[in-house]
Amino acid sequence: MDEEFVVTPWEVRGRVDYQKLMQQFGARPLTQAEVSLLEKYAGEVHPLIRRGFFYAHRDFDAILKWHGEGKPWALYTGRGPSGPVHIGHMVPWILLKWLFNKFGVEVYFQMTDDEKFYDDPEMRLEEATKWAYENALDVIALGFTPDKLHLIIDTKDIKPLYPIAAKVAKKLTWNTVKATFGFTDSTNIGLIFYPSLQIAVAFLPTELHGRPTPVLIPCAIDQDPYFRLARDIAESLGYPKPATLYSKFIMALTGESKMSASNPNSAIYTIDDEKTIRRKIANAYTGGRPTAEEQRRLGGNPDVCPVYHYHMLFDPDDASVEKIYHSCKSGALLCGECKQMLYEKIRKFVKQHQEAREKARDKVDAYRLSSKLS
């Protein structure tokens, strides 16, 4: 029997049953009706949605209809900066950039250096803040413009957030956050207060613009507890409910349901060199057979294979992805060949990203929200 999976904002363990998780959280499945509505307004559908990687939501249809009525809205997501960025972290950001390109709305991106400081007993606050600046380079490298991307580093940009967080905190009881996040009597009070800040950014555009400005939050489904609470209290505080669009996790190269920061070989980082990328892909777990002869005779299992999973995420051509899938299943494609194909795709992506990342260095402050409000 499979290990019972655990999914919280701080831990993912076991083989995740995404349908069961969606039901546990009370989110809705992303149906063809919502996808068609997106296509109506965006003109197309991103492969990450088309292929079911983003699979659940709260009010995605409502915010699209809000857009259709010509009303203002914004995009919001974030990152807990505890180390370098890997490709798993970037997948929601890639969709975020696509949504920005299609709709041209403002983007609020929160770097939660405070949360990572509270959560990790070994993390110094200065270290978490340093990682926030480093991780910001990866966000900027995707091509956002300074006028539309608003970076929020919690410890540096607290002024516009704190009045909202104070109102949020007054609405949230200890029993509520304890039940939602699994806090115990030994949880430090920083971590207990922190949800107020993540929720506050969902309401920030409304405060800044002085009119209802709901946000759409593309993120992994482990972040749902924050936004469930945000939706519960929004109307009582006079804010529109945030909408969410939830992704599955990127499979680790080792075969687990999610990449692990504690195992650098489970993920490809945006700062990895070509030799490291090649080694990680060459050593990746696959759904293939022990020998080439067995693979040709019996075929492989792409459904459990992180190498195929990466192809599905990084190849925009549906026909190409489908061919890889069926060639693996039939035994026509061997794992070594499949890995080489993937290496070329990832190498190209990371090379372009690293070049853009270096150009962003020393420009982070131009994107910070507080620098625009001062």
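Quick note: structure is the one above.
Owing to the predicted nature of the structure, the values given are computational and were not obtained by experimental measurement. (Residues numbered from 1 in each chain as written. Predicted model: local features only at pLDDT ≥ 70, side-chain atom pairs only at ≥ 80, totals over all residues. Heavy atoms only, no water.)

1. Considerations on helix 1 (residues 18–25)
Stated precisely, the cut-off is as follows: We call a residue buried when its accessible area falls under 20% of the maximum for its residue type, exposed when it is over 50%, and partly exposed in between, using a 1.4 Å probe and counting protein chains only. By definition, any uninterrupted DSSP run of H or I lasting at least four residues is a helix, any uninterrupted run of E lasting at least two residues is a strand, and each is numbered from the N terminus. Comment: arc refers to directions from the helix axis out to C-beta atoms. Pairs of residues are marked as contacts when any of their non-hydrogen atoms sit within 4.5 Å. Think of a polar contact as two N or O atoms within 3.5 Å of one another; within protein, one of them needs to be a possible hydrogen donor and the other a possible acceptor, and neighboring residues in sequence only count if both atoms come from side chains.
Residues Tyr18, Leu21, Met22 and Phe25 constitute the buried set of helix 1. Along the axis of helix 1, the buried residues cluster in a sector spanning 100°; they form a single face. Where helix 1 is buried, its residues touch strand 1 (6–7), strand 3 (28–29), strand 4 (54–58) and helix 12 (224–234). Measuring from the side-chain oxygen of the N-cap residue of helix 1 to the backbone nitrogen of glutamine 19 gives 3.3 Å; that N-cap residue is aspartate 17.

2. A short note on the environment of leucine 334
Tracing the chain through its elements places leucine 334 in the loop between helix 16 (318–330) and helix 17 (335–360). Its relative accessible area of 16% is what places leucine 334 among the buried residues. For the pair leucine 334 and arginine 289, spaced 45 residues apart in sequence, the C-alpha separation works out to 9.1 Å. Setting aside its immediate chain neighbours within four residues, leucine 334 contacts Ala292, Gln295 and Arg296.

3. Remarks on the packing of helix 15 (residues 306–314) against helix 17
Condition: Simply put, an axis is a line fit to the C-alpha atoms, just over the touching stretch for a helix, and the angle between two N-to-C directions goes from 0 to 180 degrees. For classification purposes, an angle smaller than 35 degrees is called roughly parallel, one larger than 145 roughly antiparallel, one from 65 to 115 roughly perpendicular, and anything else oblique. Two helices that cross are described as forming a left-handed crossing if the nearer one is turned anticlockwise from the farther one by less than a right angle, and a right-handed crossing if clockwise.
Direction vectors running N to C along helix 15 and helix 17 enclose 45°, while the axes themselves pass 10 Å from each other. Viewed along their axes, helix 15 and helix 17 adopt a mutual orientation that is oblique. As helix 15 packs across helix 17, the resulting crossing turns out to be left-handed. Between helix 15, through Val307, Tyr310, His311 and Phe314, and helix 17, the contact on the second element is made entirely by Cys338, Lys339, Met341, Leu342, Lys345, Ile346 and Phe349.

4. Observations concerning the packing of aromatic side chains
Counted only if it meets this: Centres within 6.5 Å make a pair out of two Phe, Tyr or Trp rings, where for Trp the six-membered ring is used; the pair is then stacked when the planes are under 30 degrees apart, edge-to-face when over 60, and tilted otherwise. Charge over a ring is defined by NZ of Lys or CZ of Arg lying within 6 Å of the ring centre and within 35 degrees of the ring normal.
Inspection of the entire model under this criterion finds 17 aromatic pairs. For the pair tyrosine 18 and phenylalanine 249, a centre-to-centre distance of 6.0 Å together with 50° between the ring planes defines the contact as tilted. A residue pair is termed long-range when its members are at least 10 positions apart, and tyrosine 18 in helix 1 and phenylalanine 249 in the loop between strand 9 (243–247) and helix 13 (274–282) qualify at 231 residues. Here a set of aromatic residues connected by ring pairs shows up, and it is made of Tyr76, Phe181, Phe183, Tyr194, Tyr226 and Phe227. Here the basic side chain of lysine 71 rests over the ring of tryptophan 66, its NZ or CZ set 4.5 Å away from the ring centre. Here lysine 130 stacks its cationic end above the ring of tryptophan 131, 4.0 Å away from the centre of that ring.

5. Some thoughts on unusual backbone geometry
Although it is not a glycine, aspartate 59 sits at a positive phi angle of roughly 60°. With respect to the element layout, aspartate 59 can be found in the loop between strand 4 and helix 4 (60–68). Here aspartate 362, not a glycine, exhibits a phi torsion of approximately 70°, which is positive. Structurally, the position occupied by aspartate 362 is in the loop between helix 17 and helix 18 (364–367).

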